[in-house]
Amino acid sequence: MPLSGKSETEVTATGERLGIMGGTFDPIHNGHLFVAEEARARFSLDGILFVPNGAPPHKSDYLLTAARHRYEMTRIATADNSAFTCLSLELDRPGPSYTVETLTLLQAQHPAAELFYITGVDAIADILTWRRHEEIIRMVTFIAATRPGFSPESLAERLPPSYLQRILMLGTTAIGISSTEIRERIRLGLPARYLTPDGVRDYIEKNHLYENAAIPIGSTQFPETTS
Ligand code: ATP
Ligand code: MG
């Protein structure tokens, strides 16, 4: 899918620098948006593709909100930034989504682009558990953003030097917002204003998302939020 305002041929011809931000985005929040915008500015990226995960293999401890809701919230949150695009490609594929498959697809769609995968330090620390991580580390340069509670130094203890070489650190204002906290605040009736864009908050309210406690995987109950 071409970036907004640009044709596919332009993307290919210019050898664009493309940032990719994957996540469950359940819901997307200002931490995600700030990190993406900061990475764009700091590393001169031409655009950022937000890719809400379908059924991420590593997140199976609670039942995710329906993919169409997570996609819609991500679309709403990214709409006012012309450098941001929200893609549904993981949601269009059945079954679990693996980052390596998504990157293969994006590489095919943007053959001349240099790809940068943006994560928080917490996420990149787990890369050795990702499927076919040896290929992923060759396909993209990682941009790892500061996140409160996760020390960048710990990466050196967890990852081999060949991986560390492929990671650019984005040391920036650390934003202590998480989707987990937003889900919990909404469930408790506490404000989430200023933690996520107003449009996302309105969407959550309208669709009654996160009003009940997260349902652990394996439960026979089905939450109202995943209709
Ligand atoms: P949850 O609490 O459900 O795990 P989350 O806030 O961690 O949600 P994810 O969708 O899991 O959000 O994260 C997607 C990506 O964004 C990951 O790479 C994660 O490290 C990064 N990220 C999320 N929140 C922040 C933040 N506040 N600062 C820096 N990176 C973040
Ligand atoms: Mg997370």
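Residues numbered from 1 in each chain as written. Chains lettered and ligands numbered in written order. Predicted model: local features only at pLDDT ≥ 70, side-chain atom pairs only at ≥ 80, totals over all residues. Heavy atoms only, no water.

Caption draft 1: Inspection of the environment of D122 at higher detail. Secondary-structure assignment places D122 in helix α6 (residues 121–124). Residues D122 and A144 lie 22 residues apart in sequence; the distance between their C-alpha atoms is 8.7 Å. The residues touching D122, leaving out its near neighbours within four places in the chain, are R147 and F150. Engagement of the side chain of D122 in a polar contact is seen with the side chain of R147, the distance being 3.1 Å. (Helix = DSSP H or I, 4+ residues; strand = E, 2+ residues; numbered from the N terminus. Contact = heavy atoms within 4.5 Å. Polar contact = N/O pair within 3.5 Å; in protein donor to acceptor, adjacent residues only side chain to side chain.)

Caption draft 2: Spatial organisation of the pattern of salt bridges. Under the criterion given, the structure shown has twelve salt bridges. In this structure, D126 engages R158 in a salt bridge whose closest nitrogen and oxygen atoms are separated by 3.0 Å. Residue D126 is found in the loop between α6 and α7 (133–139), and its partner R158 is found in helix α8 (residues 154–158); the two are separated by 32 residues along the sequence. Measuring nitrogen to oxygen at the nearest pair gives 3.4 Å for the salt bridge that ties E181 to R185. In this pair, E181 and R185 both sit in helix α10 (residues 179–188), four residues apart, roughly one turn of the helix. Overall, E181 belongs to the partly exposed group, its relative accessible area being 30%. R185 sits in the partly exposed class, given a relative accessible area of 22%. Salt bridges linked by common partners bring R93, E101 and R131 together as one network. (Salt bridge = Lys/Arg side-chain N within 4 Å of Asp/Glu carboxyl O. Buried < 20%, exposed > 50% of the residue type's maximum accessible area, 1.4 Å probe, protein only.)

Caption draft 3: Seen up close, the site of ligand 1. If you check the shell around ligand 1, you find 22 residues, and the closest are H29, D122, I175, S179 and T180. A distance of 2.6 Å separates an oxygen atom of ligand 1 from a polar side-chain atom of D122. I177 places a main-chain nitrogen or oxygen 2.9 Å from a nitrogen atom of ligand 1. Bound to the protein, ligand 1 loses 91% of the 600 Å² it would expose on its own. Taken together, the residues of the shell around ligand 1 sort by class into six nonpolar, twelve polar and four charged. (Near = heavy atom within 4 Å. Areas by Shrake-Rupley, 256 points an atom, 1.4 Å probe, with all protein chains shown as cover. Nonpolar A, V, L, I, M, F, W, Y, C, P; charged D, E, K, R; others polar.)

None of this, on its own, says anything about what the molecule does.
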